[in-house]
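For reference, the chains in residue letters:
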Amino acid sequence: MGYKVAVVGATGNVGREMLGILAERQFPVDEVVAIASRRSMGVEVSFGDRTLKCKTLEHYDFSDVDLCLMSAGGAVSKDWSPKIAAQGAVVIDNSSQWRMDPDVPLVVPEVNADAVSGFRKKGIIANPNCSTIQLVVALKPLHDKAKIKRVVVATYQSVSGAGKDGMDELDRQTKALYSLQEVEEKKFPKRIAFNLIPQIDVFMEDGFTKEEWKMMVETKKILDPKIKLTATCVRVPVFIGHSEAVNVEFEKPITADEARDILRSAPGVVVIDKREPGGYITPHEAAGEDATYISRIREDITVENGLAFWCVSDNLRKGAALNAVQIAEALVNRGLLQAKKRAA
Ligand SMILES: NC(=O)c1ccc[n+]([C@@H]2O[C@H](COP(=O)([O-])OP(=O)(O)OC[C@H]3O[C@@H](n4cnc5c(N)ncnc54)[C@H](OP(=O)(O)O)[C@@H]3O)[C@@H](O)[C@H]2O)c1
């Protein structure tokens, strides 16, 4: 017997990927329900070679749903994730709403899969921020080897990280510029076409943005509270794929060759690192792929035990939908996801 799975936010960038990945990985489903806002009632979305018609969140009865993948933004998650969990479904929540709640596990299966068992307190498991996920996948095996003290990250984040409105804005502005029309700025605070923006999410009191704060606190929660991390998060005119320039300082010595070997055998990681033109990965190549790609691994001699590298992943897949489905698989593999009895 399979599970009844609901995908909330099924018309969105992440929701569509979730449906695709559930089908690709043959997650054991009996039924999949696509749910979105009232605007999308009846809109068709693909699940493998099938087509599902979207239902409306506020009218949906979750009482026979086993697993709910939530991907409709923080406000919807704030209201709905606890209500859906109270009806007995395990909720895997993609928004930032529940990530730092001490009663909600924050999980990247390559790093802390066993934390899924903590879902019982609230019935919710949180999926981390897209740029945190790829970072911790890369950091975990290096931390195990040489113990990380401090990380400095600069991100280059694609517009799809801001949802379908973000992709539409880059598309619209690029077309407007080529046809000499006025460029409208709606979704992003400045023009994104042929530009970049050193602000993602709102400013905090200390001058960091909330996106930067999320990377700091989420990395500590998932990997190790002792790790110090500072970040500068930048939106770039790329449709899909987040990139990161990462500098790491370790307690113990580690060479670039050792790091390359460790990363080559690390789960979820692919190393592409030839010291020649094009011998590295770009977001264009990572789009549509599952791995976290690492390139440009080198020793950073400005600190005692330092490494620098380049890290790229598809933010809609490993940064969101794939990680959520892997969390669901971790629950299934541990016998923690029960299928409810349903009328035949
Ligand atoms: N994009 C990423 O890289 C990424 C990574 C990690 C996490 N996330 C998180 O994932 C979530 C979705 O992101 P996205 O990129 O897929 O956004 P998106 O493309 O803008 O899609 C938003 C989805 O939410 C639905 N929705 C909005 N308001 C709703 C409501 N009141 N009731 C029911 N459904 C509602 C939309 O339905 P309609 O089409 O009917 O409006 C749509 O399906 C966000 O919380 C985001 O922070 C995104």
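Structure: above.
Worth saying up front: this structure is predicted, and the values here are computed from it rather than measured.

Asks: I'd like a rundown of helix α7 (residues 256-264), residues and numbers included.
Replies: Buried within α7 we find Ala256, Ala259, Arg260 and Leu263. Along the axis of α7, the buried residues cluster in a sector spanning 100°; they form a single face. Exposed residues lying more than 90 degrees from the buried face of α7 are Asp257 and Asp261. Looking at the buried side of α7, the elements it contacts are α4 (130-146), β12 (269-271), β13 (292-299) and β14 (306-313).

Asks: I'd love a proper account of the pairing of strand β11 (residues 242-250), names of residues and values included.
Replies: Each regular strand displays side chains that alternate between the two surfaces of the sheet. Burial analysis of β11 places seven of its nine residues in the buried class, which makes it a mostly covered element. Strand direction decides the pairing type here: strand β9 (residues 148-157) and β11, joined by eight bridges, are antiparallel. Following the sheet pairing, tyrosine 156 is matched in β11 by serine 243. Both β11 and β14 contribute to a ladder of eight bridges, which runs antiparallel. Pairing of alanine 245 across the sheet is with tryptophan 310, part of β14.

Asks: Outline the layout of surface pockets, supporting the account with residue identities and numerical values.
Replies: If you add up the space inside the largest pocket, you get close to 1400 Å³. Lining the largest pocket are 50 residues, and of these Ala72, Gly73, Gly161, Ala162 and Gly163 sit closest to its centre. Its residues assigned to classes, the lining of the largest pocket comprises 16 nonpolar, 22 polar and twelve charged.

Asks: So what about the packing of α4 against helix α6 (residues 210-222)? Which residues, and what values?
Replies: Each pair of packed helices gets described by two things: the angle between the helix axes and the distance between those axes. Remark: α4 packs on α6, axes separated minimally by 9 Å, with the N-to-C direction vectors making an angle of 40°. Viewed along their axes, α4 and α6 adopt a mutual orientation that is oblique. Of the two elements, α4 crosses α6, and the hand of that crossing is right-handed. In this structure, α4 uses Ser131, Thr132, Leu135, Val136 and Leu139 to contact α6, whose residues at the interface are Glu211, Lys214, Met215, Glu218, Thr219 and Ile222. The residue inventory of the contact of α4 with α6, partitioned by class, reads five nonpolar, three polar and three charged.

Analysis parameters
- Residues numbered from 1 in each chain as written.
- Predicted model: local features only at pLDDT ≥ 70, side-chain atom pairs only at ≥ 80, totals over all residues.
- Heavy atoms only, no water.
- Buried < 20%, exposed > 50% of the residue type's maximum accessible area, 1.4 Å probe, protein only.
- Helix = DSSP H or I, 4+ residues; strand = E, 2+ residues; numbered from the N terminus.
- Arc of directions from axis to C-beta.
- Contact = heavy atoms within 4.5 Å.
- Pairing = 2+ DSSP bridges.
- 1 Å grid on protein atoms, 1.4 Å probe; cavity = no way out; pocket = protein on both sides within 12 Å on 5 of 7 lines; lining within 4 Å.
- Points joined across faces, edges and corners; volume = space filled by probe spheres on them.
- Nonpolar A, V, L, I, M, F, W, Y, C, P; charged D, E, K, R; others polar.
- Axes fitted to C-alpha atoms, helices over the stretch in contact; angles between N-to-C directions.
- Parallel < 35°, antiparallel > 145°, perpendicular 65-115°, else oblique.
- Left-handed = near helix turned anticlockwise from the far one by under 90°.

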